[in-house]
Structure formats: structure tokens, C-alpha cells
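Fold and geometry: a report
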Amino acid sequence: MIWAGDIISKFPNFQISKFMLEVKNLHAKVEDKDILKGINLSVKAGEVHAIMGPNGSGKSTLSAVIAGNEHYEMTEGEIILDGEDISEMAPEERAHKGIFLSFQYPVEIPGVSVTNFMKTAINESRKAQGLEEMPANEMLKLIREKSELLEIDRKFLSRSLNEGFSGGEKKRNEIFQMAMLEPKLAILDETDSGLDIDALRIVANGVNKLKSENNAVIVITHYQRLLDYIVPDFVHVLYQGKIVKSGGKELAYELEEKGYDWIKSEN
Amino acid sequence: MSKYTEDDLKVELENKEYEYGFYTDIESETFPIGLSEDIVRAISLKKEEPEWMTEWRLEAFRAWVQMTEPDWANVHYTKPDFQAISYYSAPKKVDPSKTLDDVDPELLAMYKKLGISLDEQKKMNNIAMDIVVDSVSVATTFKKTLAEKGIIFCPISEAIKEHPDLVRKYLGTVVPQKDNFYAALNSAVFSDGSFCYIPKGVRCPMELSTYFRINQAGTGQFERTLVIADEESYVSYLEGCTAPSRDENQLHAAVVELIAMDGAEIKYSTVQNWFPGDKNGKGGVFNFVTKRGLCEKNAKISWTQVETGSAVTWKYPSCVLKGDNSVGEFYSIAVTNNFQQADTGTKMIHLGKNTKSTIISKGISAGKSQNSYRGLVQISGRADNARNFSQCDSLLMGNNCGAHTFPYIESKNPSAKIEHEATTSKIGEDQVFYCNQRGIPTEKAIALIVNGFSKEVLNKLPMEFAVEAQKLLEISLEGSVG
């Protein structure tokens, strides 16, 4: 009989990963242009990480590659979610495993209501887990609960997905979807772009309400101001496809004060 | 685990077989191939028709012989050899007096495969059905319930015998025998179809439904449908169509005539899923159909169609808005994939004053298919204050298909108001990825986007058929994205 404890004592390097997400030496390109050049990032449950950086540093590419967008080619490295390498998985499988991406530019799907879209998404996830479709009354209850939590007018939910939505409505709709799908890991890609301060506050409050010990959030942003509302545990600075600096939330303030030229001059 | 790409999806879908492509082994009686006056007489005789009917058919046949097949449509195919087709095929053991319980068990098994168990239909859907297999009407359910309201719903062959006055008065009044090549052919050789009469002021309490199926090889199917809604009556009518997969092309040339008298309303819905041919364009049904409705004063005719099948479709359900204040509507979804070709649309002929028509056409093209909308809006000199609104939207999937719009507008009245809107869009990779990211696989994502695109039309279908039509759209689309 071999005990787990024996194995761990014999192989001191062996441990069950304490990280929810581990990105190791990630390289990716789009149309022959190298964008990510060796990203390392580890995120634990309950943490909020911010990724900042100047335009064109690869922030959105990083989120797209983690979510599995096939427009980007991952050339090297690993993406590990709960100890499992997901880098070969289709985007929907990653979603089923709990990855959620809040899009910088959410797309419009005419004729498909927000409710219908969410119903389809939830039931596809359940199907992948071998579960029955969610009964209609349960679905309605969930919708009511989440729309109340995020203070969303339910009339909004019968509109066609993102069609004719204002910038603020689009981002709120993304957060509503996040609430409905209850992901393990949510990546918010430039959620603050195009939002006025009131909309920003509403969206950030929504994210804070959804945060728990069991999930993690990666906030991708150009500016510090969102981080006043969603306070990160760690801040990473991405520049030319690499994380060039990591620190606590104070790093965001330092960046705000000194500007990205400070990073550029150091690298 | 390897990635499931759009290419994989494409391969999977291409290999997915036509779901209704089964052939049922029922003993049938089929006429020798070819068409002549003798064959026309034989059909008429076989159906024990009165003399006037035989003469009517012969008149049509003589006209047909003089006509040439039209070639103005945006479709290309090898013209059928009309002498190589058998013009009559009937499942044996048909006895019109028998009840549902006596129907050939093999036929019943076929209905089950089609997803239309008669028992179920009877109990659950409150739909009266007439089923036409090959050329003969096999079972009409609910006849008794309808008869209580004075509604006649029966095979047209039966109507010719039992209600000759009605048939004689209205047959060919909306689509004359010599209307066009295929209508003339149909008039000469039609062997069955459905007949429906709704008396004055009666609101038909259930959906009336006809199911057409071509089963025998080498046969043509020529149904004739005649729906008469008397003054202030209402009826909703649905037809569904399937055929087995075969290598050779099967011919289908139907004629549907609708008559809506003063204040009457007819809603006519079609879910057409004839065999579209295989992925290389082999086989499939040639669907050359003439459908037209006549609206008297204050009447309304609404055509709704979901066209997913057939190798070649040539079909323009139309409304003649003869009476003042009459209304015509046309809602259409036409899906083409692989090598399918569709040239479909409508004609709205405004003759009366204050007549109104609406055209909503949604074309979805995938694979190497060609999808054309062809529509005519005609406003006559005396049609004061006529109004038309047309909207033609096309959705493209992939780079090898085509969408075409041919709108014709002829107005002879300066008070007419005619609007035409058209859009063309493509399913974007970004839309698909967005769905994928929310956990929706590509195939389902496409179905969702297509359903959204078609929603305005799907909403017009009776509830239970909207669900069926949605499923059909999903099955039919074998396109890739990008």
C-alpha cells in the first residue's frame, strides 16, 4: 500500500497545484506576427489580477488565446486550468470548464434575445456535463435573481443580443452573462473602454458582487481608474508581449503617475 | 484531444444524410411511363371522374403540348424528359371508406418515421391531416369533427365526385389551365391533392394539414390543392413535403389555388423539405410549383413558407388583391446548400383600392448554392392608395454561394406607396467565436444565428410547425463559416 503522503515526502516537488490558472511560457502569433513572447501568469481562486499595458502590448491577444480564439495561433507554452492543460481545447470546451471572457467589443446577433442566448449557453454547458436542460421555471428564477443583483431592467433581456445597445448596455450585458454562467475564471477585456463614470461604477459593482473565494478575475485595462472600483491583488504590466513588471495594487498608481513611458524606457 | 474545427464540422455535415431519405416498401400500382391523351384519359378513368373533368384535363394537355418550358429563372438544370416519367403511382390496398385503424401498417410506420404519427396528431395537435403519398390521398383524419361545422376537407379526387359543383365552379379560376407550362401539366395529370371548403362565417377550429410524400421511383407528383374560404370565414392550412433520397431527379409540379371571398382570411403555411440531392448535387426533387390566391373585398391571404429542400425550386406564391381593402402577405425562408438552386418569391397584384401587401423574404445560402428572390409588385390604375412593403434579406455562409434579388415594381397609380428594403450579410467568425466562448458549439451557434435571422418569418408559423421548421433549418445547413 502506498500512501499519498509517502509520495509527497519522497518527491518534495510534487504537489497538487494550488493555482486555478497557470499560463507558462505562452507564445502566440497572428498572421505571422509574434504578439505574445513568453507569458507566465499564475492565478489562485479568490484573487483579482490586473493586466495593464500600453496599446499593442498584447493584452487582448492574451485574453483571446486563453479563451481559445482560433484566429490566434499558440506556438509555445501551456495554459493549465485546475491542473489540466486546456490549450488544445475548443473555445466552447474551455467555456464549459469555467472560462468566461467579457468582450471588449461584444458582437450583435440580430433576432436572438439575451434570454434565449443565455438559455442556449446554459443548456449547452449542462449538456456537456451530462445534465438535463434546466427547467424553465428554474431558468426564470435564475434570470430574475441575477437581473435584480445587477439592477438590470428585465425588458432589456428580451431585446436582440447587443443590437442597438449603447456602450454601457453592452458591457452590462456582458456582466449579466457572467452572472448567469457563474464562471470559475472571468477575464474582463477592457470592460471600462467606452464607459462613462456612472456606467463604469455599475459594471464594477456587478463584478464585485459576483466575486467569491471560489472564482478568480483577470481585469485587462489600459487605465487605472477601473481598479479604483475592482481592487486587484496583483498588477502585471504587459509590454511587447511579455510581463515586464508585477506587483501589488500600488503598481497601478505608480503607472498612472509615471505613465507607460516609464516602462518603455526601462525595457 | 485535437481541435474540432469548422472544417471538421463541414465534413460532418456533408456526410450527414438527408434524414427523411428512407424508402417505404409499399405495394403500389404505377402507370407506364410517358404522357399522351390516352394516359390523361386513363388517369381520369382510374379516378372514376365525371366527363367534364376528363375534358378539362384534356384541354390542359392540349395546351401543354404547345407550350415550352420556361427558362427565365436563375436556375440551371437538365430539363426533365417528360416522356420518361410515370404520371400515376398509387399505394395499393387503398379504400377510401376505411378508417385510420385500417391504414396499411407499413404506411403508418412511414408516418412515424416522418415524425407524424397519426394517432398522436389526432390526440395532441388538434390538426386535421390529409396525407398524399405519391399521388393518392391516403388518410384524412378528423373528417367528422369538421363536418359538424360544415367544413369540407377531403382528397380532391373525392371532392370531384362528391362536391362537383364547388370544384367545377372554382377549379382553374385562380390558376387557369394554360397559366404556365407546369400548371398546364399539372392540370392534365394531377392525381390527387386536397380540397377544402369553409362555409360562410365559419372559423375553422383547427389547423388543416396536408402531408405530401413522393415514394415510388421514377414517378412525378402533381398535387392539386383548392382551398375556398367563403365570406367572413377563416382557415389556417399547412402543407409538409418529403421524399426519399434517390439518384435521379424526381419531378414535383403542384398547383395550389386559394379563394378568399369577402372578409375571409386564409393562412397558408408550407414546410417544404423535398430531397435536395446529395452533397455533389446528384438527385433531388425538381420543385416547379404554382401557388396563387385570390382576395375579394376585405379578404386576406397570408403565405408563409419554409423552403429547405429540392434540388431546384421554382415557386412564387402570389396574391391577386382584387377586392377593395384586401391584404396579401408573403413570409418566406428559403435555405439552399451544396448545389441547390432556388428561384422563389412572390407576386402581389393590386387591383382593388386600398389594397395592402407585405413581403418578407429571408434567403440563406450555403455551400455552392444559388438563392434568388424574384418578386413582382404590380399596382393597377384603379388601385388607389395601394401600399406595399418589401424586405429581402440574404444571409451568406462561406464564399462559394450566391444570393440574388430580382425585385420588379410596376405601378400605374400615382397614389401608390411602395417600399423596398434589402440587406445582405454574412455569418461572421466573430459571431461564432462569441457563441463558442459562451459554451455554444459552432453547429449550434450557426443554428442560433440563422434562427435569429429568420425569426420574423418563423413567428408567422403555427406554433407546432415553427418548432419543426426550426429543427429543419438546423438539419439543412451544411455550410461552413469564414
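A brief look at the structure comes next. (Residues numbered from 1 in each chain as written. Chains lettered and ligands numbered in written order. Predicted model: local features only at pLDDT ≥ 70, side-chain atom pairs only at ≥ 80, totals over all residues. Heavy atoms only, no water.)

**Topic: the pairing of strand β16 (residues 312–315) of chain B**
Residue and element names in this part refer to chain B. Of the two faces of β16, both are covered, the one formed by V312 and W314 as well as the one formed by T313 and K315. Relative to β16, strand β14 (residues 284–295) is paired through four bridges, and the arrangement is parallel. Paired with V289 across the bridge in β16 is K315. In this sheet, strand β19 (residues 341–350) lies alongside β16 in parallel orientation, the contact comprising four bridges. When the bridges of β19 are listed, K315 appears paired with T344. (Buried < 20%, exposed > 50% of the residue type's maximum accessible area, 1.4 Å probe, protein only. Helix = DSSP H or I, 4+ residues; strand = E, 2+ residues; numbered from the N terminus. Pairing = 2+ DSSP bridges.)

**Some details on the sheet that holds strand β2 (residues 33–43) of chain A**
Taking strand neighbours across the sheet as the criterion, the four strands line up as β2-β1-β4-β5 (chain A) in an open arrangement whose pairing is antiparallel. This sheet does not close on itself; its edge strands, each paired only once, are β2 and β5 (84–85) of chain A.

**Description of the sheet that holds strand β9 (residues 185–189) of chain A**
All names here are of chain A. Reading across from one edge, β6-β9-β10-β3-β11-β12 is the order of the six strands in this open sheet, with mixed pairing throughout. Two strands bound the open sheet, and with one partner strand each, they are β6 (99–102) and β12 (242–247). Each strand axis lies, on average, 20° off the axis of its neighbour in the sheet, ignoring direction. Across five bridges, strand β11 (residues 234–239) lies against β12 in antiparallel orientation. In the sheet register, V235 faces β12, and the bridge partner there is G247. (Axes fitted to C-alpha atoms, helices over the stretch in contact; angles between N-to-C directions.)

**Notes on the interface of chain A and chain B**
The partner chain B presents 22 residues to the 32 residues of chain A that form the contact. In total, about 2500 Å² of surface goes out of reach between chain A and chain B, with carbon and sulfur atoms giving 63% of it. Of all residues in chain A, the largest losses of buried area upon contact with chain B belong to A:E92, A:F103 and A:V107, amounting jointly to 21% of the total for that side. Linking chain A to chain B there are one salt bridge. We note a salt bridge from B:R438 to A:E174, for which the minimum N-O separation is 2.6 Å. Seen at the junction of chain A and chain B, the total is ten residue pairs in polar contact (both at pLDDT 80 or more). Those elements that place two or more of their residues in the side of chain A that touches chain B are α3 (91–96), β6, β7 (109–113), α4 (114–128) and α6 (167–181) of chain A. (Contact = heavy atoms within 4.5 Å. Buried area = accessible area lost by both parts, 1.4 Å probe. Salt bridge = Lys/Arg side-chain N within 4 Å of Asp/Glu carboxyl O. Polar contact = N/O pair within 3.5 Å; in protein donor to acceptor, adjacent residues only side chain to side chain.)

**So, the packing of α6(A) against helix α7 (residues 197–210) of chain A**
Residues and elements named next belong to chain A. Packing of α6 against α7 brings their axes to within 10 Å, and their N-to-C directions diverge by 5°. Relative to α7, the element α6 is oriented roughly parallel. Taken together, the residues of α7 that come into contact with α6 (itself represented by G168, K171, R172, I175, M178 and A179) are A199, I202, V203, G206, V207 and L210. When the residues that make up the contact of α6 with α7 are grouped by side-chain class, the tally is eight nonpolar, two polar and two charged. (Parallel < 35°, antiparallel > 145°, perpendicular 65-115°, else oblique. Nonpolar A, V, L, I, M, F, W, Y, C, P; charged D, E, K, R; others polar.)

**A look at the packing of aromatic side chains**
Residues and elements named next belong to chain B. Taken as a whole, this structure holds 20 aromatic pairs over all chains when the rule is applied. Relative to F181, the ring of W64 lies with its centre 5.5 Å away and its plane at 45°, an arrangement referred to as tilted. Of this pair, W64 sits in helix α3 (residues 51–66) while F181 sits in helix α9 (residues 181–189); the two residues are 117 residues apart in sequence, bridging distant segments of the chain. Neither W64 nor F181 differs from the other in exposure class; each is buried. Here the aromatic rings of W72 and Y316 are separated by 5.7 Å at their centres, their planes lie at 40°, and the arrangement is tilted. Within this pair, whereas W72 is found in the loop between α3 and β2 (89–91), its partner Y316 is found in the loop between β16 and β17 (318–321), the two being separated by 244 residues in sequence. Using a relative accessible area of 11% as the deciding quantity, one classes Y316 as buried. (Phe/Tyr/Trp six-rings, centres within 6.5 Å; stacked < 30°, edge-to-face > 60°.)

Bear in mind that shape data such as this cannot, by itself, settle questions of function.
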